[in-house]
Amino acid sequence: MAINNGYAAYQNSKIMTASPAEITLMLYEGAIKFCNIAIMGIEEGNVEKAHANIMKVEHIIEEFQATLNRKYPVAQDFDNVYVYLLQRLLEANMKKDRDILEEVLGHLRVMRDTWKDVMRLAHSGNAAKPTE
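Bear in mind that the values here come from a model prediction, so they are computed numbers and not experimental data. (Residues numbered from 1 in each chain as written. Predicted model: local features only at pLDDT ≥ 70, side-chain atom pairs only at ≥ 80, totals over all residues. Heavy atoms only, no water.)

Caption draft 1: Expanded view of the overall build of the protein. Secondary structure assignment for the protein yields five helices and zero strands. Reading the helices (α) and strands (β) of the protein from amino to carboxyl end gives α-α-α-α-α. Within the protein, counting contacts between residues at least 6 apart in sequence, those at least 24 apart form 61% of the total. Total accessible area on the protein is roughly 8,800 Å²; 59% of this is exposed by carbon and sulfur atoms. (Helix = DSSP H or I, 4+ residues; strand = E, 2+ residues; numbered from the N terminus. Contact = heavy atoms within 4.5 Å. Areas by Shrake-Rupley, 256 points an atom, 1.4 Å probe, with all protein chains shown as cover.)

Following this line, the structure appears as structure tokens:
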């Protein structure tokens, strides 16, 4: 039990000290993890496991939607992607369809990898700088 408490404290500290960019990356990682668990649930015939984890992915995507900075035109593009993913997750949950979850998983991985690239560029100082 003490090990679990120590791990929980470490995870909590990691989240509390993370930058917004790192939190976004953690959310992508979580969505990917829960999507994989949902796929396992479908493969095992465990409807409850699949449902619970699809809902976790949905909640993460809803959080991404809620935190979009709508003053930038690209926010609408992201919102369109999130709406699509939520529709596919709803369909996957109703049908317990592994193939749909694999599709969503592919999109999440691309988005996560792109986010990692953005973080790397921003950290190295090579991010595009606005012209004056």
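Caption draft 2: Main features of a nonpolar patch on the surface. Taken together, the side chains of Tyr72, Val74 and Phe78 define a hydrophobic patch exposed on the protein surface, amounting to about 280 Å² of accessible area. The topology assignment puts tyrosine 72 in the loop between helix H3 (47-66) and helix H4 (74-95). (Patch = residues over 30% accessible without salt bridge, like charges linked within 9 Å, V, L, I, M, F, W, Y side chains within 5 Å. Salt bridge = Lys/Arg side-chain N within 4 Å of Asp/Glu carboxyl O.)

Caption draft 3: The arrangement of helix H5 (residues 98-124) in detail. Between its first and last C-alpha, H5 extends 39 Å over 27 residues, near the 39 Å set by a 1.5 Å rise per residue. Within H5, the full set of buried residues consists of Ile100, Leu101, Val104, Leu105, Leu108, Met111 and Arg112. Immediately beyond the C-terminal end of H5, within one or two residues, lies glycine 125, with a positive phi of roughly 80°. (Expected span 1.5 Å × (residues − 1). Buried < 20%, exposed > 50% of the residue type's maximum accessible area, 1.4 Å probe, protein only.)

Caption draft 4: A look at the nonpolar core. Val57, Ile61, Tyr82, Leu89, Leu101 and Leu108 are the most contacted members of the largest nonpolar core, which has 28 residues in total. When residues of this core are assigned to their parent elements, the largest contribution, nine residues, is made by helix H2 (residues 20-44). Not counting the four nearest positions on each side in its chain, leucine 108 is found in contact with Tyr28, Ala31, Ile32, Val57, Ile61 and Leu85. (Core = buried A, V, L, I, M, F, W, Y, C linked by side-chain atoms within 4.5 Å.)

Caption draft 5: Expanded view of the packing of H2 against H5. Contact pair H2 / H5: the axes reach a minimum separation of 10 Å and the direction vectors enclose 160°. The pairing of H2 with H5 is recorded here as roughly antiparallel in orientation. With respect to the hand of their crossing, H2 and H5 are arranged in left-handed fashion. Along the lines of polarity and charge, the residues of the contact of H2 with H5 split into 16 nonpolar, two polar and eight charged. (Axes fitted to C-alpha atoms, helices over the stretch in contact; angles between N-to-C directions. Parallel < 35°, antiparallel > 145°, perpendicular 65-115°, else oblique. Left-handed = near helix turned anticlockwise from the far one by under 90°. Nonpolar A, V, L, I, M, F, W, Y, C, P; charged D, E, K, R; others polar.)

Caption draft 6: Examining the layout of surface pockets more closely. In this structure, the largest pocket occupies an estimated 660 Å³ of space. Lining the largest pocket are 22 residues, with Thr24, Leu68, Phe78, Tyr82 and Trp115 sitting closest to its centre. Mapped onto the lining of the largest pocket, the elements with two or more residues apiece are H2, H3, H4 and H5. Looking at the lining of the largest pocket element by element, the count peaks at six residues for H2. Here the residues of the lining of the largest pocket sort into 17 nonpolar, four polar and one charged. (1 Å grid on protein atoms, 1.4 Å probe; cavity = no way out; pocket = protein on both sides within 12 Å on 5 of 7 lines; lining within 4 Å. Points joined across faces, edges and corners; volume = space filled by probe spheres on them.)

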